[in-house]
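# Residue-level structural notes
Residue-level listing of the chains:
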Amino acid sequence: MRVKRVFCTLLLLMPLMLPAQGVSIAGKTNKPHALVRLLTYDDMFSFEQKTAAVTHSDENGRFALNADIKEITPAQIAVNLDRVDLVLTPSGNYDIEVFVPEKKHDASFFEQEKPSLKINSAEDNGLMRQLIATESFINDFVYENMNAIYRGRKAYLIDTLQNRINKTVAKNRNAFVDGFVKYKLASVRMAVVSGGAKKIISQYFDNQPVLYSQSAYMELFSEAFEGYFKSREFNSHEFAEALFSGYGKFSDYLKKNDFMARNPQLAELVIMKYLCEIYFENQERKTVATEYLNAIGKSSKYLKNKLVASDVLARLQRLSYDTEAPSFSLKNEDGEVVSLSDYQDKMVLLQFVDRVSDMTSRQFEALNVLQHQWGDTIAVVTIATKESFDDFKELFYDKWYEWQLLNLGDDMLLWEKYSVRTSPEYVIIKKKGRIGMAPAPAPDHYLDYHVRRISRYN
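Described below are features of the structure shown in this document. (Residues numbered from 1 in each chain as written. Predicted model: local features only at pLDDT ≥ 70, side-chain atom pairs only at ≥ 80, totals over all residues. Heavy atoms only, no water.)

### Comments concerning the pairing of strand 13 (residues 404-407)
Formally: Any two strands between which DSSP finds at least two bridges are classified as paired. Each helix is a run of H or I in the DSSP string that is no shorter than four residues. Each strand is a run of E no shorter than two, and both are numbered from the N terminus.
Sheet topology places strand 9 (residues 329-332) next to strand 13; two bridges connect them, and they run antiparallel. Within strand 13, the position partnered with Asn332 by the bridge is Leu406. With four bridges connecting them, strand 12 (residues 378-384) and strand 13 associate as parallel partners. Looking across to strand 13, one finds that Val381 is bridged to Gln404.

Okay, structure coming up:
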């Protein structure tokens, strides 16, 4: 019996014990001398990434990336800060092109054209070719039949789609692609059939393997288990009592549920999803979520769940209140180096900008009013991209803005460290370089309220 248990444990760990195999990517981009990175996802639950390889494109935009991976892995190619998605297979060889469109200065962040990926060739057992073709086929079919599927609830169309995929896409499909099809269609099915979530959980998750690297699986997981612990299967009073009794008692309470007991590996993911939901509700629940994620990270029987718990906690804590703000040392308009550490005894409002526009001009005017109200109590620091620095330098001179203007220069990854998505974007930093609020609202959307609120407890 003991031998059997050991054998089963080894089977569970086998995907994690596989030797790493080399992946080679030969690429070209329309951005010469750009920073090029290969970013791999740890899993599609936490969405945490690791930098697997780094290089720069040459004067002709060509680059090469090499990395080791153990299994089929979702990844991104980042050209400077723009990214494209792909899925890599061990020992795969790829010839790709990444096109990064020029930024439109009269368009918002959400209206900008997205970068695109062209795969010239891929030695990966047909994975990328089949995946792209299948996803495009599914999206086109669902779009063309949207009313009939979602409003008419004609579930038979999903079976029609499955049959067409079987006839159209390669018969000897990669197993990863089969999994993508299975869970992508299940997501459509859940929106059509009555009692969708319960049926989907029974059919697609009960006694099924957990597919950490399959985006379609994790998308369906997120939809199916939304509000799972609020269902009739769990008494709200008993659940709340168990939640605040410590992770051990909480786990024991959940094991009374047949589904959770049958699927202990998946059950930990369901718990982690719930912990993500309650983390920002209040300090008490934040403490519980942190304690439980640490417990899973240390004591889970499943190595992958340990890694996921660690990644989830890192993601939740990144830029959260009172965590350490990413440091920087950048030059101002006089060429002097200014660091975040220079403001240890003062609150700081960071403003990230990448171009002068009507919107930035209006926000600067509003910020100027606030800056005069705050006086020396708050240090305002604007960080402009290398390309836009001279334009903002001129704007500061014309409008007599008196706060600090810094040049991002080549430290473009600072935008990623602060998770900057739009421009302008704001971050409030407390004394001692601790995060106060990230992101913070714009000057004309209650920024002053939050600055003063955080200042009271600083």
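### Quick word on the sheet that holds strand 15 (residues 434-440)
Rules: Only the contacting stretch of a helix is used when fitting its axis, a line to C-alpha atoms as for every element, and angles between N-to-C directions run 0 to 180 degrees. Whether two residues touch is decided by their heavy atoms; if any such pair falls within 4.5 Å, the residues are in contact.
One open sheet holds the seven strands; their spatial order is 10-9-13-12-11-14-15, and the pairing between them is mixed. Both edges of this open sheet fall to strand 10 (337-339) and strand 15, since each of them pairs with a single strand only. Sheet twist, expressed as the mean angle between neighbouring strand axes with direction ignored, is 35°. In the packing of helix 15 (residues 389-399) onto the sheet, contacts are made with strand 9, strand 11 (347-353), strand 12 and strand 13, and the angle to strand 13 comes to roughly 165°.

### What about helix 8 (residues 236-243)?
Our working rule: Whether a residue is buried, partly exposed or exposed follows from its accessible area with a 1.4 Å probe, protein chains only, as a fraction of its type maximum: under 20%, in between, or over 50%, in that order. As used here, the arc is the angular range of directions from the helix axis to the C-beta atoms. Any pair of nitrogen or oxygen atoms within 3.5 Å is treated as a polar contact; in protein, a donor-acceptor pairing is required on top of that, and neighbouring residues in sequence qualify only through side-chain atoms on both sides.
The set of residues buried in helix 8 consists of Phe239, Ala242 and Leu243. Seen along its axis, helix 8 keeps its buried residues to an arc of 100°; they face one direction. Opposite the packed face of helix 8, turned more than 90 degrees from it, sit the exposed residues His237 and Glu241. Contacts from the buried residues of helix 8 go to helix 9 (247-254), helix 11 (264-278) and helix 12 (283-299). With a side-chain oxygen lying 3.0 Å from the backbone nitrogen of His237, the N-terminal cap of helix 8 falls on Asn235.

### Some remarks on the pattern of salt bridges
How we decide: For salt bridges, the criterion is a side-chain nitrogen of Lys or Arg within 4 Å of an Asp or Glu carboxyl oxygen.
For the structure on display, the rule yields 19 salt bridges. A salt bridge links Arg189 to Asp159; the shortest N-O distance between them is 3.3 Å. Within this pair, whereas Arg189 is found in helix 5 (residues 175-190), its partner Asp159 is found in helix 4 (residues 156-168), the two being separated by 30 residues in sequence. Given the relative accessible area of 19%, Arg189 is considered buried. For the salt bridge of Arg452 with Asp448, the shortest nitrogen-to-oxygen distance reads 2.9 Å. Here Arg452 and its partner Asp448 are both found in helix 17 (residues 447-456), four residues apart, which amounts to about one turn of the helix. Among the charged side chains, a network of salt bridges with common partners joins Arg37, Arg83 and Glu416.

### Here's the deal with the pairing of strand 7 (residues 93-99)
Of the two faces of strand 7, only one is covered, namely that formed by Tyr94, Ile96 and Val98; the face formed by Asn93, Asp95, Glu97 and Phe99 stays uncovered. The sheet contact formed by strand 1 (residues 21-29) and strand 7 spans six bridges and is parallel. From the neighbouring strand, Ile25 faces strand 7, where its bridge partner is Tyr94. Of the strand pairs in this sheet, strand 7 and strand 8 (residues 116-123) are connected by seven bridges, and their pairing is antiparallel.

### A look at the sheet that holds strand 2 (residues 35-41)
Pairing in this open sheet of four strands is antiparallel, and the strands run 3-2-5-6 from one edge to the other. Because the sheet does not close on itself, it has two edges, and the strands there are strand 3 (49-56) and strand 6 (82-88). Strand-to-strand twist in this sheet, taken as the mean axis angle between neighbours without regard to direction, amounts to 25°.

### A short note on helix 11
What sets the pattern is the α-helix's 3.6 residues per turn: residues three or four places apart point alike. The criterion, for reference: Expected span of a helix, by definition, is 1.5 Å for each gap between consecutive residues, and there is one gap fewer than residues.
The terminal C-alpha atoms of helix 11, which comprises 15 residues, lie 21 Å apart, in line with the 21 Å expected from a rise of 1.5 Å per residue. Among the 15 residues of helix 11, 13 are classified as buried, and the element is accordingly described as predominantly covered.

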